[in-house]
Amino acid sequence: MRSRQRMFAAVMRLLLKCLRLGRRRRFKLVRQVEQLWHYGHLCLRSLLYNSFTNGDVVLDSLFEPVYWLVDHVTRWFGVVFVALVIGLTSSIVAIVYICLLPLILQTYTPAWICWHLAYGHWNLIMIVFHYYMAITTSPGHPPQAKNDLTGVSICRKCIAPKPARTHHCSICNRCVLKMDHHCPWLNNCVGHYNHRYFFSFCLFMTLGCIYCSISGWDMFRDAYAAIERMKLLEKERLQVAANQTYYQTPPPTFSFRQRAFHKSVVYLWVLCSSVALALGALTLWHAALITRGETSIERHINRKERQRLQKKGKVSIAHSMGAGQGRARCDTPLPVLQVFRNPYSYGSWDNWKVFLGVDVPRHWLTRVLLPSPHLPHGTGLSWDLPPCVTEQRAPLLAI
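Residues numbered from 1 in each chain as written. Predicted model: local features only at pLDDT ≥ 70, side-chain atom pairs only at ≥ 80, totals over all residues. Heavy atoms only, no water.

Caption draft 1: A look at the overall build of the protein. From N to C terminus, the protein includes eleven helices and eight strands. Burial statistics for the protein: of 399 residues in total, 31% are counted as buried. Total accessible area on the protein stands at roughly 27100 Å², and carbon and sulfur atoms take up 65% of it. (Helix = DSSP H or I, 4+ residues; strand = E, 2+ residues; numbered from the N terminus. Buried < 20%, exposed > 50% of the residue type's maximum accessible area, 1.4 Å probe, protein only. Areas by Shrake-Rupley, 256 points an atom, 1.4 Å probe, with all protein chains shown as cover.)

Caption draft 2: Broad picture of the UniProt feature "transmembrane region" (unreviewed entry) in the protein. Residues annotated by UniProt as "transmembrane region" (unreviewed entry) correspond here to residues 76-100, 112-133, 197-220 and 265-288. End C-alpha to end C-alpha, residues 76-100 measures 37 Å, and it is 100% helix and 0% strand. Annotation note: span residues 197-220, helix share 96%, strand share 0%, distance between end C-alpha atoms 32 Å. (UniProt positions renumbered as here; feature names shortened; annotations may be inferred.)

Caption draft 3: Representation of the pattern of salt bridges within the structure. For the coordinates displayed, the defined rule picks out six salt bridges. Put simply, glutamate 298 and arginine 165 hold a salt bridge, and the shortest N to O gap is 2.5 Å. Here glutamate 298, found in helix α8 (residues 296-311), pairs with arginine 165, found in the loop between β2 (161-162) and β3 (167-169); they are 133 residues apart in sequence, far enough to count as distant. Of the residues examined, glutamate 298 reaches a relative accessible area of 7% and is grouped as buried. (Salt bridge = Lys/Arg side-chain N within 4 Å of Asp/Glu carboxyl O.)

Caption draft 4: The side chain of arginine 196, seen in detail. Within the secondary structure, arginine 196 is located in helix α5 (residues 195-215). Polar side-chain contacts of arginine 196 include one of 3.5 Å to the side chain of tyrosine 197. Here serine 372 takes part through its backbone oxygen, which lies 2.8 Å from a polar atom of the side chain of arginine 196. Those residues in contact with arginine 196, other than ones at most four positions away along the chain, are His130, Phe355, Leu356, Arg367, Ser372, Pro373 and His374. (Polar contact = N/O pair within 3.5 Å; in protein donor to acceptor, adjacent residues only side chain to side chain. Contact = heavy atoms within 4.5 Å.)

Caption draft 5: Seen up close, the nonpolar core. With 39 residues, the main nonpolar core has Tyr131, Leu186, Phe198, Phe201, Met205, Leu268 and Cys272 as its most contacted residues. Mapped onto this core, the elements with two or more residues apiece are α3 (64-107), α4 (110-136), α5, α6 (217-243) and α7 (256-292). Looking at this core, the element that brings in the most residues is α5, giving nine residues. When sequence neighbours within four positions are dropped, the list of residues in contact with methionine 205 reads Thr89, Ile127, Val275 and Leu279. Membership of the second largest hydrophobic core comes to six residues, among which are Phe199, Ile290, Leu356 and Val358. (Core = buried A, V, L, I, M, F, W, Y, C linked by side-chain atoms within 4.5 Å.)

Caption draft 6: A look at α4. The first and last C-alpha atoms of α4 sit 39 Å apart over 27 residues, in line with the 39 Å expected at 1.5 Å per residue. If you check which residues of α4 are buried, you get Ile113, His116, Tyr119, Asn123, Met126, Ile127, Phe129, His130, Tyr131, Met133 and Ala134. (Expected span 1.5 Å × (residues − 1).)

Caption draft 7: Region of interest: the confidence of the model for the protein. Residues at a pLDDT of 70 or more form 76% of the protein, whose mean pLDDT is 81. Note on residues 319-334: pLDDT is under 50 here. Beyond four places in sequence and across chains, it has four contacts. Contacts of residues 394-399 to residues separated by more than four positions or lying in other chains number 18 contacts, the stretch itself having pLDDT below 50. (pLDDT = per-residue confidence, 0-100.)

Caption draft 8: Structural context of helix α10 (residues 348-356). Looking only at α10, the buried set comprises Asp350, Asn351, Lys353, Val354, Phe355 and Leu356. If you follow the buried residues of α10, they end up packed against α5, α7 and α11 (363-368). Glycine 357 sits one or two residues past α10 and shows a positive phi near 75°.

Caption draft 9: Examining a nonpolar patch on the surface more closely. A cluster of nonpolar side chains, namely Trp68, Leu69, Val73, Trp76, Phe77 and Val80, defines an oily patch on the protein surface of about 680 Å² accessible area. Assignment of secondary structure puts valine 80 in helix α3. (Patch = residues over 30% accessible without salt bridge, like charges linked within 9 Å, V, L, I, M, F, W, Y side chains within 5 Å.)

Caption draft 10: Region of interest: the packing of aromatic side chains. Summed over all chains, the structure comprises 16 aromatic pairs. Ring geometry for phenylalanine 199 versus tryptophan 352: centroids 5.6 Å apart, planes at 55°, classification tilted. With phenylalanine 199 in helix α5 and tryptophan 352 in helix α10, this residue pair connects regions lying 153 residues apart in the sequence. The exposure class assigned to phenylalanine 199 is buried, which follows from its relative accessible area of 5%. Chaining the aromatic ring pairs together yields one cluster made of Trp115, Tyr119, Trp122, Phe204 and Tyr211. Of note, arginine 165 hangs over the ring of tyrosine 344, and the distance from its end group to the ring centre comes to 4.4 Å. Sitting above the plane of the tryptophan 383 ring, arginine 165 keeps its charged end 4.8 Å from the centroid. (Phe/Tyr/Trp six-rings, centres within 6.5 Å; stacked < 30°, edge-to-face > 60°. Lys NZ or Arg CZ within 6 Å of the ring centre and 35° of its normal.)

Caption draft 11: Region of interest: the packing of α5 against α10. Taken N-terminus to C-terminus, the directions of α5 and α10 make an angle of 105°; their axes are 9 Å apart at the nearest point. One way to sum up the angle between α5 and α10 is to call them roughly perpendicular. Counted together, His195, Arg196 and Phe199 of α5 and Trp352, Phe355 and Leu356 of α10 form the full contact between these two elements. Per-class residue counts for the contact of α5 with α10 are four nonpolar, one polar and one charged. (Axes fitted to C-alpha atoms, helices over the stretch in contact; angles between N-to-C directions. Parallel < 35°, antiparallel > 145°, perpendicular 65-115°, else oblique. Nonpolar A, V, L, I, M, F, W, Y, C, P; charged D, E, K, R; others polar.)

Caption draft 12: Highlighting the side chain of asparagine 123. Residue position: asparagine 123 is located in helix α4. Here asparagine 123 falls in the buried class, since its relative accessible area comes to 3%. Residues in contact with asparagine 123, not counting those within four places in the same chain, are Phe204, Leu207 and Gly208.

Caption draft 13: Representation of unusual backbone geometry. At asparagine 173, a residue that is not glycine, the phi angle is positive and equals roughly 60°. Judged by its relative accessible area of 52%, asparagine 173 falls in the exposed class. The phi dihedral of asparagine 187 is positive, around 55°, even though this residue is not glycine. Here asparagine 187 is to be found in the loop between β5 (181-183) and β6 (188-190). Take asparagine 187: its relative accessible area is 32%, and that puts it in the partly exposed class.

Shown next as structure tokens:
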């Protein structure tokens, strides 16, 4: 009996020792995993940590493959996009001349005929001229030869001085003067020398599409109703043909010319309305940028700079918040804050005059309402005060 008790006690002591040993080993394994985790985290932070890193840098890094893909696809498909613009525009013009113009000449009054002929051909000439100039005119590039060119910075890819408002285009692989963006529909960059052509093309194309959509609304409704009637009669004709006898005749069908006419009118109205909405929004966006004297790239740069200076307390948050509002509440004088302003803005009206090249009043007719290949103000290398500007421009930080 005692021997059994001794044996049982020995087994229990051995089991307890095993449990203690397993617990120690388990705790030791957990501590090793924690040490490895902290060590790996420290190594990653030591290799990747940067005090200048923020959310924008991380987002740009994540989208770098997308940027690379867009650059290469845009470079190769630019010719396809240009051919698509020419093809779609030519199809609309062909439909207007073949289908709509004979109908206008037969049904409209002489006054309306003169209006449609005059406005339609003027708008078409402006579209063709500005699109041709936009795709064939070089946007402007800094000189590659060594000279006394004053550069604001050095381009990291060209390793050359980069004047003010100049940016590097990764698709063209060159620096562009006053670069706005690279347009795949032009297969060209929009810069200093062709920015006016690009905006004028967008404006007149939008006006032309709106003109076609409004003037062709009644024709579109009639053509759409005719197509629906065609489908109904075709369905009835098939039913009659399946059950007809010798003395029955199927209902009359529309001819190929009638079908083509109605479908062409529907195609014209849908395409013009879609382009008017999409291109109209783009035109309004660029009009707002021109009013502020900015390009698409400069808007992003100025916004980031304004936010940076606001965080440092060097500029005011809003233009309308002055010191007078603070003095109305208390007598304590407030610190005078400066207002961030675009250094290349001359005021809304003067910005448009500089952009369009309007120096005298007659230029609104000869340079804006008629095709004009005149050059923009300046060379794109330096930005002196244009002669059409009456007031001095405000500095970057103006009180």
